[in-house]
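Report on the structure
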Amino acid sequence: MPTDTPRYRATELTDFAERLFLAAGCEANKATAMARHLVDADLMGHTTHGLAQVPGYLEEIEAGLMAKAGEPRLIADQGAAITWDGETLPGIWLTDKALALAAERARRHGLAAVAIRRSHHIGCLAVYLRWATERNLMAIVASSDPSEATMAPFGGVAAVFTPDPIAFGIPTGGDPILVDISSSITTNGMTGRLRREGRRYPGLWAQDAQGRPTDDPAVLAASPPGSLLPTGGTDHGHKGYGLALAVEALTQGLAGHGRAEKPTTWAANVYVQVMDPAGFGGADAFLRQTSWLAKLCRETPPAPGVDSVRLPGQQASSRRRAGLAEGLALYPGIMDGLAGWAAKLKVTMPEAMA
């Protein structure tokens, strides 16, 4: 970003987002969870899934499509396996709650999982991982939206899946390993941003309705629409296709609700699993192995043109520390997109740092 981009204190941005959600009628715990999560996503560099999501969330709240209050409905509880109906509650708050419950049960059983049907959007998966790794727990978070289809199966031309992300949080003796990947080469959020800005993908990441690979994100908004290519592209896209099938089995199959019901509103199905290494080979032994592996990766000689080998999440952790210390520079246009809602809800905008 340009060096003259305004910077904001993360605490003030969080307070601002929380006040927006409160003014929209959200319960305090939901407003707090969403605000903290979205600012943390921006701190980590996931700018399509940070405060950029606030206008869309507020629109959903205003339309009655995201519930402002309430609790999930229990579908099943087998001790280490729990299923909820999210009742269209804020997905960020639901996933936080599921992570805490899974962690509590994992301390007892070694591992535990929560499947959630009919949640709302859950934001950036990588953000959830740090909470678990700070407690020396390993976590998996996966999400899909059965109401939407933007990614085609490998070899096909019609979209069946969403980008279907899955994330793994792995504690080490230092910074955690934070793996956050999607089944498609890119996301819907990045596609929308590039299309609005008149830009192209840096590679052949999509295909038109006839199956011709393209770097033009506009094909997804064409009639008939194109689709995102699975991770691996036209050559090895069976890998992303297989991952999408697994993610939708975890999030929709285990939750007992998904594409078969043909939902039509923005939603999410979620799978959260937490593992306590103490219930397996031991916490110290786990950290010894993961720390050793991380060290091997970091010390691998870099390929030509590469400064050093990074671990997944390493850059996000560094960005987060810098943003907390020096202020957060938001992606251009995000504050402009929030100004109208701030005026409508009579919420004071935060001031940039001097």
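All of the points below concern the structure found in this document. This one's a predicted model, so the numbers in the text were calculated from it and none came from an experiment.

Moving on to the sheet that holds strand 9 (residues 213-214). A sheet is described by the order of its strands in space; here 3 strands give the open sequence 9-8-10, paired in antiparallel fashion. Both edges of this open sheet fall to strand 9 and strand 10 (227-228), since each of them pairs with a single strand only.

Further remarks concern the state of the cysteines. Following the criterion strictly, the structure yields 0 disulfides and no others. With no disulfide partner, Cys26 has as its closest neighbouring cysteine sulfur the one in Cys124, 20 Å distant. A relative accessible area of 6% means that Cys26 is categorised as buried.

The next subject is the sheet that holds strand 6 (residues 166-170). If you walk across this open sheet you meet the 7 strands as 2-3-4-11-5-6-7, and the pairing is mixed. At either end of the open sheet lies a strand with only one pairing partner, and these are strand 2 (73-77) and strand 7 (177-181). Pairs of neighbouring strands in the sheet enclose a mean axial angle of 10 degrees, with direction left out of account. Bridge count between strand 3 (residues 81-85) and strand 4 (residues 111-119): 5 bridges; the pairing is parallel. Paired with Thr83 across the strands is Ala115, a residue of strand 4.

Attention shifts here to the side chain of Ser144. For Ser144, the position within the fold is in strand 5 (residues 138-144). A relative accessible area of 2% means that Ser144 is categorised as buried. At 2.9 Å, the side chain of Ser144 and the side chain of Gln252 are in polar contact. Once you skip the residues sitting within four places of it in the chain, Ser144 turns out to touch Thr162, Asp164, Glu248, Thr251, Gln252, Ala267, Ala268 and Asn269.

Applying the stated criterion across every chain, the model contains 20 salt bridges. For Arg320, the salt bridge goes to Asp40, with nearest N and O atoms at 2.8 Å. Here Arg320, found in helix 10 (residues 314-326), pairs with Asp40, found in helix 2 (residues 28-43); they are 280 residues apart in sequence, far enough to count as distant. By relative accessible area, Asp40 is classed as buried at 12%. Where Arg105 meets Asp77, a salt bridge forms, and the shortest distance between an N and an O atom there is 3.0 Å. With Arg105 in helix 4 (residues 91-109) and Asp77 in strand 2, this pair connects stretches of sequence that are 28 residues apart. Residue class for Arg105 comes out buried when judged on its relative accessible area of 12%. Relative accessible area serves as the criterion here: at 37%, Asp77 is assigned to the partly exposed category. Beyond isolated ion pairs, a larger network of salt bridges with shared partners links Arg73, Asp85, Glu87 and Arg118.

Cut-off values and rules
- Residues numbered from 1 in each chain as written.
- Predicted model: local features only at pLDDT ≥ 70, side-chain atom pairs only at ≥ 80, totals over all residues.
- Heavy atoms only, no water.
- Pairing = 2+ DSSP bridges.
- Helix = DSSP H or I, 4+ residues; strand = E, 2+ residues; numbered from the N terminus.
- Disulfide = S-S within 2.5 Å.
- Buried < 20%, exposed > 50% of the residue type's maximum accessible area, 1.4 Å probe, protein only.
- Axes fitted to C-alpha atoms, helices over the stretch in contact; angles between N-to-C directions.
- Polar contact = N/O pair within 3.5 Å; in protein donor to acceptor, adjacent residues only side chain to side chain.
- Contact = heavy atoms within 4.5 Å.
- Salt bridge = Lys/Arg side-chain N within 4 Å of Asp/Glu carboxyl O.

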